[in-house]
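Reading the structure
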Amino acid sequence: MFRQRKKVFFLGAGAGYLYNFISVSISLISIPMSLTYFGVERYGAFAIITTLLIYLSITNLGISTAAGILTAKALDKLEQLKIIAKAFVLVTLIAIVFFGILAFFTRYPFWIKIIGKIPAHIHDEVAKAAFFAAALFLFNLPFALFLQGFVAIQKVYIARLYDISAIIFSFLALIITVFSQRSIVYYFVLKGVFTLIISIISVIHFNFFEKDNLRTLKYSFNKLFQPASTYEFSTKSILVTGFRIFACGIAALVVWHTDNLVISNIIGLKAVTPYNITFRLIAGMFVIFTTLNMALNPMYGKAFAAKDYKWIENNYNRITAIEQILGGLVWIVAVAFTKDIINLLTGPSGYAGMLVVFALGGYGYSLSLVHAHSGLLSSINEIKNAVYIGWSEAAANLIFSLILIRFLGIGGVALGTFLAALSTVFWLIPREIYCRTHGKIRFNFLETKKYFFIIILPTLVCILFIHYFINSQIFRLTLSTIVIFLYLLFSYLRLTPENKHALRELYQKVRNRSLKTEVDVKVVFD
């Protein structure tokens, strides 16, 4: 059992880091390419339409994620496939309904105003691009559910490989659009078609090339839509869990994806471009801590079902200790290098300013811990109050952003996002975990505070001093690199022996590129 958990974790983490490496690499190429080709206004529209697609992801009413959580907790293969099959039918019906709503509203031109202040000369192009992007997204929605199936059966690495394919083909769509001199309409149609094909292939893979699934379908297909063995895996449970995730998802979207809409409607479409580029560059670094959680989360569900609370608490605190270092690293690197990287990629037009960088870097630090907390809470399916917690952050984010943008411009929007996280989810979710598990799983708040004030805060002060008082770029970058090296060194020295061992184990796996190698590890993930 212990050895299997290690293998699952490292396979998932390895594939996750490969996905993130490719994603960030492609972003570094695609941002200047799309900005140069589409121009500032069309790039702003491009970013807004992408944001709207993310909002459309909630149209599955949380059923896809709920199916993944419940499938991970089910021990019987037939029960797992029952959950996936029921969820597929539900999401298909939902996608049909929302497509009908989309078709109805596109008959009336007022709907496009939600994007913001669109210049007249690109209005029709943006409207068509938004429609086709949304329509193809809805067609893909039921098929995308099966990637959750791979995650649930603890084959996260397969889901990540399909995600990698989707990113590569989206980039291919951009290349074809640029070299054939086509519009953003053409890009979103081509991207949507590529994504749909990849999702259909994943469905075939899940059902016919996973031997256990194929065997179960072959002998028990007629039982797929029979009543579940327990209420937890029933259709009603899928809907109830899905609705809670849906409510949390809306709150998360308000936090993550209203910034562009607020800026577009209050300042204008051009202001979206530098904010979006800066945000994408910094958010691209978030993957260094989210990947570990995505690999570990499915394991929490099974451990919780087995009442293995000690294993959960130990690894929960180990992973948060490591992720706090990574979150701090994101914040420090963002402050140190973002301006120079963006000037190199796009020129000054893509840089949103130090306030945006500092606030988004700080948000990344808070997210490194929040992501670990929320991943555990959702994996053990104790999300009843998470809805209220998520909406408290969303409300705070919207209020802070709408107030601060009047005084600080786009920097106020980023600062609102950071302050909202600190004042709500940063401390509310670990408290909820403690309450929901009746004190069996506790987060080490004291160690987190010590690490921040002893290591992160002094490092940030040094980096800001270097940024504002060192004029030579080469000297500034050199000093910043030295400070970051010292940050990592002192962070490592403060780790417990168990966490040091966990990091060394992860390093060995990555260095040897042998995720399947069995290593006798007595500490990490056992």
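Shown above is the structure to which this text applies.
Owing to the predicted nature of the structure, the values given are computational and were not obtained by experimental measurement. (Residues numbered from 1 in each chain as written. Predicted model: local features only at pLDDT ≥ 70, side-chain atom pairs only at ≥ 80, totals over all residues. Heavy atoms only, no water.)

Any two packed helices are characterised by the angle at which their axes cross and by the distance between the axes. At their nearest, the axes of helix H9 (residues 259-266) and helix H15 (residues 410-423) sit 10 Å apart, and the two run at 150 degrees to each other. In terms of their interaxial angle, H9 and H15 are classed as roughly antiparallel. Crossing hand, H9 versus H15: right-handed. Residue-level contacts link Asp259, Val262 and Ile263 of H9 to Ile410, Val413 and Thr417 of H15. The residue makeup of the contact of H9 with H15, split by class, is four nonpolar, one polar and one charged. (Axes fitted to C-alpha atoms, helices over the stretch in contact; angles between N-to-C directions. Helix = DSSP H or I, 4+ residues; strand = E, 2+ residues; numbered from the N terminus. Parallel < 35°, antiparallel > 145°, perpendicular 65-115°, else oblique. Left-handed = near helix turned anticlockwise from the far one by under 90°. Contact = heavy atoms within 4.5 Å. Nonpolar A, V, L, I, M, F, W, Y, C, P; charged D, E, K, R; others polar.)

Moving on, we come to the pattern of salt bridges. Applying the stated rule across the entire model yields four salt bridges. Arg476 is the salt-bridge partner of Asp340, the closest N and O atoms lying 3.1 Å from each other. Linking Asp340 in helix H12 (residues 309-345) with Arg476 in helix H18 (residues 473-494), this pair joins segments that are 136 residues apart in sequence. (Salt bridge = Lys/Arg side-chain N within 4 Å of Asp/Glu carboxyl O.)

Another aspect to go through is unusual backbone geometry. Of note, the phi angle at Gln181 is positive, near 60 degrees, even though the residue is not glycine. Position of Gln181 among the secondary structure elements: in the loop between helix H5 (156-179) and helix H6 (184-208). What makes Gln181 exposed here is its relative accessible area of 59%. (Buried < 20%, exposed > 50% of the residue type's maximum accessible area, 1.4 Å probe, protein only.)

Quick look at the packing of aromatic side chains now. One pass over the structure, following the stated rule, counts 21 aromatic pairs. Taken together, a centroid distance of 5.7 Å and an interplanar angle of 65 degrees make the contact between Phe146 and Phe206 edge-to-face. Taken together, the positions of Phe146 in helix H4 (residues 123-152) and Phe206 in helix H6 put the pair 60 residues apart, joining distant regions of the chain. Here the aromatic residues Trp331, Phe358, Tyr365, Phe418, Phe426, Phe452 and Phe453 are joined through ring pairs into a cluster of three or more. We note Arg182 situated over the ring of Tyr186; from NZ or CZ to the ring centre the distance is 4.6 Å. Above the ring of Tyr309, the side-chain terminus of Lys440 is found at 5.3 Å from the ring centroid. (Phe/Tyr/Trp six-rings, centres within 6.5 Å; stacked < 30°, edge-to-face > 60°. Lys NZ or Arg CZ within 6 Å of the ring centre and 35° of its normal.)

With that settled, the discussion passes to H9. Taking burial as the measure, the eight residues of H9 include six buried ones, the bulk of the element. Where H9 is concerned, the buried positions are Asp259, Asn260, Leu261, Val262, Ile263 and Ser264. The first or second residue beyond H9 is Gly268, which carries a positive phi of 140 degrees.

Purely spatial values, then, with no claim about function.
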